[in-house]
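Chains, contacts and geometry: an overview
Spelled out, the chains give:
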Amino acid sequence: MSNKRELSLEQREELLQALKARFEKNMHRHEGIEWTDVQAKLDTNPEKLWSLNEMEKTAGEPDVVGHDKKKDEYIFYDCSTESPKGRRSICYDREALESRKKHKPENNAIDMAVDMGVELLTEEEYRDLQKLENFDKKTSSWVQTPSDIRELGGALFCDYRFGHVFTYHNGAESYYGARGFRGSLRV
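Residues numbered from 1 in each chain as written. Predicted model: local features only at pLDDT ≥ 70, side-chain atom pairs only at ≥ 80, totals over all residues. Heavy atoms only, no water.

For the rest of this paragraph, the subject is the packing of aromatic side chains. For the structure shown, the criterion picks out five aromatic pairs. Arranged with centres 5.6 Å apart and planes meeting at 65°, the rings of tyrosine 92 and tryptophan 142 form a pair that is edge-to-face. Within this pair, whereas tyrosine 92 is found in the loop between β2 (73-78) and α4 (94-99), its partner tryptophan 142 is found in strand β4 (residues 140-142), the two being separated by 50 residues in sequence. Just as tyrosine 92 is buried, tryptophan 142 falls in that class too. On the numbers, 5.0 Å between centres and 20° between planes, the contact of phenylalanine 157 with tyrosine 168 is stacked. One end of the pair, phenylalanine 157, is in strand β5 (residues 154-161); the other, tyrosine 168, is in strand β6 (residues 164-171), and 11 residues separate them in sequence. (Phe/Tyr/Trp six-rings, centres within 6.5 Å; stacked < 30°, edge-to-face > 60°. Helix = DSSP H or I, 4+ residues; strand = E, 2+ residues; numbered from the N terminus. Buried < 20%, exposed > 50% of the residue type's maximum accessible area, 1.4 Å probe, protein only.)

Quick look at the structure:
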């Protein structure tokens, strides 16, 4: 392939089948949205399809969670029950990664998201996702952190415990086997 952000025909068909099956199984996440409309958008945005494949490869289980009518964009979030397995044990960003003197994680959430062509969920998006069903009952997910918090060395993460969504802080350089990140993508 000449462009690394393209899928082969076989990969494309396999991904579309997985996305369609997940879409049909979880209609409560996207009431009033038709799969044929979503697929039409995906058919004209191969780079976005590549990003969805990256979400899928890292066990994010992307699914449609909304439609921005003003921009005519479908919104996908990672909908895996727990923080995606292929994106755990990472610190928040490159600066945090470089600040660690030893026991560095392999990667960081911000760089991984950029490489995948997605964005970390904001705290508000994370809370909206939890209104659809409960996620991260055993894990946690980094979320976009305001610059004033990040400048002081911190970063935010969220999880779902005791029937509530909690937002916490940690040093951005910290990483845990049960913490990853959830991505969002607009198509």
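After that view of the structure, there is still more to cover.
Another point: helix α1 (residues 9-25). A rise of 1.5 Å per residue sets the reference length of α1, with its 17 residues, at 24 Å; its end C-alpha atoms lie 24 Å apart and thus fit the reference within 8%. Every buried residue of α1 is listed here: Leu15, Leu16, Leu19, Arg22 and Phe23. Viewed along the axis of α1, the buried residues span an arc of 135°, placing them on a single side of the element. Opposite the buried face of α1, by more than 90 degrees, sit the exposed residues Leu9, Glu10, Glu14, Gln17 and Lys25. (Expected span 1.5 Å × (residues − 1). Arc of directions from axis to C-beta.)

A positive phi angle is found at alanine 59, which is not glycine, with a value near 70°. Note on placement: alanine 59 falls in the loop between α3 (46-57) and β1 (62-68). What makes alanine 59 partly exposed here is its relative accessible area of 29%. Phi is positive for phenylalanine 162, which is not a glycine, with a value near 55°.

One open sheet accounts for four strands, arranged β1-β2-β8-β3; its pairing is antiparallel. Looking at strand neighbours, the two that pair on one side only are β1 and β3 (119-120), the edges of this open sheet. Of the strand pairs in this sheet, β1 and β2 are connected by six bridges, and their pairing is antiparallel. Pairing of aspartate 68 across the sheet is with glutamate 73, part of β2. Helix α2 (residues 35-43) rests against β1 and β2 of the sheet, and its axis sits at about 90° to β2. (Pairing = 2+ DSSP bridges. Contact = heavy atoms within 4.5 Å. Axes fitted to C-alpha atoms, helices over the stretch in contact; angles between N-to-C directions.)

So, about the pattern of salt bridges. In this structure the tally under the stated criterion is 19 salt bridges. The partner of aspartate 63 in a salt bridge is arginine 29, with the nearest N and O atoms 2.9 Å apart. Remark: arginine 29 occurs in the loop between α1 and α2 and aspartate 63 occurs in strand β1; sequence separation between them is 34 residues. You can call arginine 29 buried: its relative accessible area is 6%. (Salt bridge = Lys/Arg side-chain N within 4 Å of Asp/Glu carboxyl O.)

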